[in-house]
Amino acid sequence: MVDSLGVAVVGFGWMGRVHTQAYARVPHHYPQLGLRPRLVTVAEEVPGRAEEAAAQFGFASTTRDWREVAKDPRVQAVSITAPNFLHREIGVAMAEAGKHIWIEKPVGLSVADAQAVADAVAEAGVRSAVGFNYRNAPAVEAARELIASGAIGTVTHVRVRLFSDYAAHPEGALTWRYEKERGGSGVLGDLASHGADLARYLLGDIASLTADTAVFIPERARPTGATAGHTRASGGELGPVENEDYVNCLLRFASGARGVLEACRVSVGEQNNYGFEVHGTRGAVFWDFRRMNELGVSRGTTYQDQPVSTVYVGPGDGEFGAFQPGAANAMGYDDLKVIEAHRFLHSIAEGRPYGATLQDAVHSAAVLEAMVRSAESGAWVTVQGAT
């Protein structure tokens, strides 16, 4: 017998839509799951947007006030896809109301915010999931297993890159993303948070780091109405960009490995150029999000002039088999969110964590805060909580 689970989505921009679609697709890819998500309500303060979501996706009700979701007895689990500055308040309130929460990174504006939500979840005894979707790629999971097996020897160094052009246009609107009070950090929270999670997922805790940040587009025009995604605005009043466009960072891992993490939101000519290269004493493994289902792998005993092979992930890697029957059949970004939704629901059904949790968000936030302190001081900084 399959149990029904009432779910809600708070914040219906692009990511709210992705979460909703993931809930709808989970039963098709994971028919054995003992929970069937049921779309109960959607909360969005922009007039008309929640109603549009309900009409398109079949939510039973709508509201402009997320607090109504916390009080709704029909809702057992909530996706929190609102802007960063609301994460702590909404996350804590939902956990205290006994709702399981699937929340987008970076879970607030600070370590304190992420820890507050994690503490509320632990106190309430509910389950959590966090939107570190890139770790869900079957190729990334295959790379992690390859590294852990010792196939490339002892890891010596890694480079993690996250370059995008979503903020490259000088007419990009000055939305909450560019304000410290509502957005917190800039590219740190948006992209480098994924990089920090990927680095830790692959190689373990980051012990210390030194970072440099920069703002390359210092002013943008204020929007005159509601925005969604990366809206353009021209001719409006100019205001300052308060958080960073770019970060580069040197990493020292607890294992002794070294690393470089670089992220930029204004990289002209780069569209979602995300990936990593991990080098070891006997080989290396390479991944590019734009070729999500492939790995470059070098291993053996040749060392010098050792070739790199392209490996296509298949049904034996991660969750690939839930989507495609054979290697080299493509998966896409939205599939990673279906995996994330499944792991969230599975954790509720089984009462134990699957996939990224709020503790992972706390660790990522600690790395980001260390980057901020380092960029301000110019010094190496120890990561809070590193082993």
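Relevant structure appears above.
Residues numbered from 1 in each chain as written. Predicted model: local features only at pLDDT ≥ 70, side-chain atom pairs only at ≥ 80, totals over all residues. Heavy atoms only, no water.

A. Structural context of the packing of helix H8 (residues 187-203) against helix H10 (residues 358-377). Closest axis-to-axis distance for the H8/H10 pair is 9 Å, and the angle between their directions is 115°. For H8 against H10, the interelement crossing comes out right-handed. Across from Leu188, Gly189, Ala192, Ser193, Ala196, Asp197 and Arg200 in H8, the residues of H10 making contact are Asp360, His363, Ser364, Val367, Leu368, Met371 and Val372. Classifying every residue of the contact of H8 with H10 by side-chain character gives seven nonpolar, four polar and three charged. (Axes fitted to C-alpha atoms, helices over the stretch in contact; angles between N-to-C directions. Helix = DSSP H or I, 4+ residues; strand = E, 2+ residues; numbered from the N terminus. Left-handed = near helix turned anticlockwise from the far one by under 90°. Contact = heavy atoms within 4.5 Å. Nonpolar A, V, L, I, M, F, W, Y, C, P; charged D, E, K, R; others polar.)

B. Layout of the pattern of salt bridges. Across all of its chains, the model carries 23 salt bridges by this definition. For the salt bridge of Arg74 with Asp72, the shortest nitrogen-to-oxygen distance reads 2.7 Å. The exposure class of Arg74 is partly exposed, given its relative accessible area of 36%. Residue classification places Asp72 among the buried residues on the basis of a relative accessible area of 11%. Of the charged contacts in the structure, one is a salt bridge between Asp245 and Arg265, with a shortest N-O distance of 2.7 Å. Residue Asp245 is located in the loop between strand S10 (238-240) and strand S11 (246-253), and its partner Arg265 is located in the loop between strand S12 (258-264) and strand S13 (273-280); the two are separated by 20 residues in the primary sequence. On the basis of relative accessibility, which here comes to 0%, the residue Asp245 falls in the buried class. Salt bridges sharing partners connect three or more residues here, namely Arg135, Asp197, Arg200, Asp205 and Asp360. (Salt bridge = Lys/Arg side-chain N within 4 Å of Asp/Glu carboxyl O. Buried < 20%, exposed > 50% of the residue type's maximum accessible area, 1.4 Å probe, protein only.)

C. Structural view of the nonpolar core. Among the nonpolar cores identified, the biggest contains 129 residues, and Met94, Leu209, Val278, Val285, Trp287, Leu358 and Met371 are the most heavily contacted of them. When residues of this core are assigned to their parent elements, the largest contribution, ten residues, is made by H8. Dropping the residues within four chain positions of it, Trp287 is found in contact with Tyr134, Ala137, Ala139, Val140, Arg161, Tyr274, Gly275, Phe276, Met292, Glu294 and Leu295. (Core = buried A, V, L, I, M, F, W, Y, C linked by side-chain atoms within 4.5 Å.)

D. Seen up close, helix H4 (residues 87-96). Among the ten residues in H4, seven count as buried, and that is most of the element. Looking at H4, one finds that the buried residues are His87, Ile90, Gly91, Val92, Ala93, Met94 and Ala95. Among the structural elements, strand S1 (3-10), helix H3 (66-71), strand S4 (77-80), strand S5 (100-103) and helix H5 (111-124) are those in contact with the buried residues of H4. Gly98 sits one or two positions beyond H4 and adopts a positive phi of about 85°.

E. Quick peek at the side chain of Asp113. Looking at where Asp113 falls in the secondary structure, it is placed in helix H5. A distance of 3.0 Å separates polar atoms of two side chains, one belonging to Asp113 and the other to Arg88. Polar side-chain contacts of Asp113 include one of 2.8 Å to the backbone nitrogen of Leu109. Leave out the neighbours within four places in its chain, and Asp113 touches Arg88, Val107 and Gly108. (Polar contact = N/O pair within 3.5 Å; in protein donor to acceptor, adjacent residues only side chain to side chain.)

F. Geometry of a nonpolar patch on the surface. The grouping of Leu250, Val260 and Trp380 at the surface amounts to a nonpolar patch, some 250 Å² of accessible area in total. Along the chain, Val260 falls in strand S12. (Patch = residues over 30% accessible without salt bridge, like charges linked within 9 Å, V, L, I, M, F, W, Y side chains within 5 Å. Areas by Shrake-Rupley, 256 points an atom, 1.4 Å probe, with all protein chains shown as cover.)

G. Structural view of the sheet that holds S13. Spatial ordering of the open sheet is given by S16-S15-S14-S13-S7-S12-S11-S8-S17, a layout of nine strands whose pairing is mixed. Edge strands, defined here as strands with exactly one partner in the open sheet, are strand S16 (309-312) and strand S17 (381-382). Pairing geometry for strand S7 (residues 155-163) and S13, over eight bridges, is antiparallel. Across the sheet, residue Phe163 finds its bridge partner in S13, namely Asn273. H8 rests against S7, strand S8 (206-214), S11, S12 and S13 of the sheet, and its axis sits at about 155° to S12. (Pairing = 2+ DSSP bridges.)

H. Just the sheet that holds strand S2 (residues 35-43), in detail. Taken in spatial order, the six strands of this open sheet run S3-S2-S1-S4-S5-S6, and their pairing is parallel. In this open sheet, the two strands that pair with only one neighbour each are strand S3 (61-63) and strand S6 (128-130). For this sheet the average axis-to-axis angle between neighbouring strands, irrespective of direction, equals 25°. In this structure, S4 lies alongside S5, joined through four bridges in parallel fashion. Residue pairing across strands places Ala77 opposite His100, the latter belonging to S5. Sheet strands touched by helix H2 (residues 49-57): S2 and S3. Its angle to S3, the strand with the most contacts, is close to 160°.

I. Up close: the packing of H4 against H5. The geometry of H4 relative to H5 is characterised by a closest axis approach of 8 Å and an angle of 5° between their N-to-C directions. Put simply, H4 runs roughly parallel to H5. On H5, the residues touching His87, Arg88, Gly91, Val92 and Ala95 of H4 are Ala112, Asp113, Ala116, Val117, Ala120, Val121 and Ala124. Across the contact of H4 with H5, the residue classes break down as eight nonpolar, two polar and two charged. (Parallel < 35°, antiparallel > 145°, perpendicular 65-115°, else oblique.)

J. Spotlight on helix H1 (residues 14-29). Its 16 residues give H1 an end-to-end C-alpha distance of 22 Å, which sits within 8% of 22 Å, the value for a rise of 1.5 Å per residue. Where H1 bends most, the angle comes to about 30°, and this point is Tyr23, followed within four residues by the proline Pro27. Buried within H1 we find Met15, Gly16, Val18, His19, Thr20, Ala22, Tyr23, Val26, Pro27 and His29. For H1, the secondary structure elements touched by its buried residues are S1, S2, H2, S4, S5 and helix H9 (333-350). (Expected span 1.5 Å × (residues − 1). Bend = angle between axes of the 7 residues up to and from the residue.)

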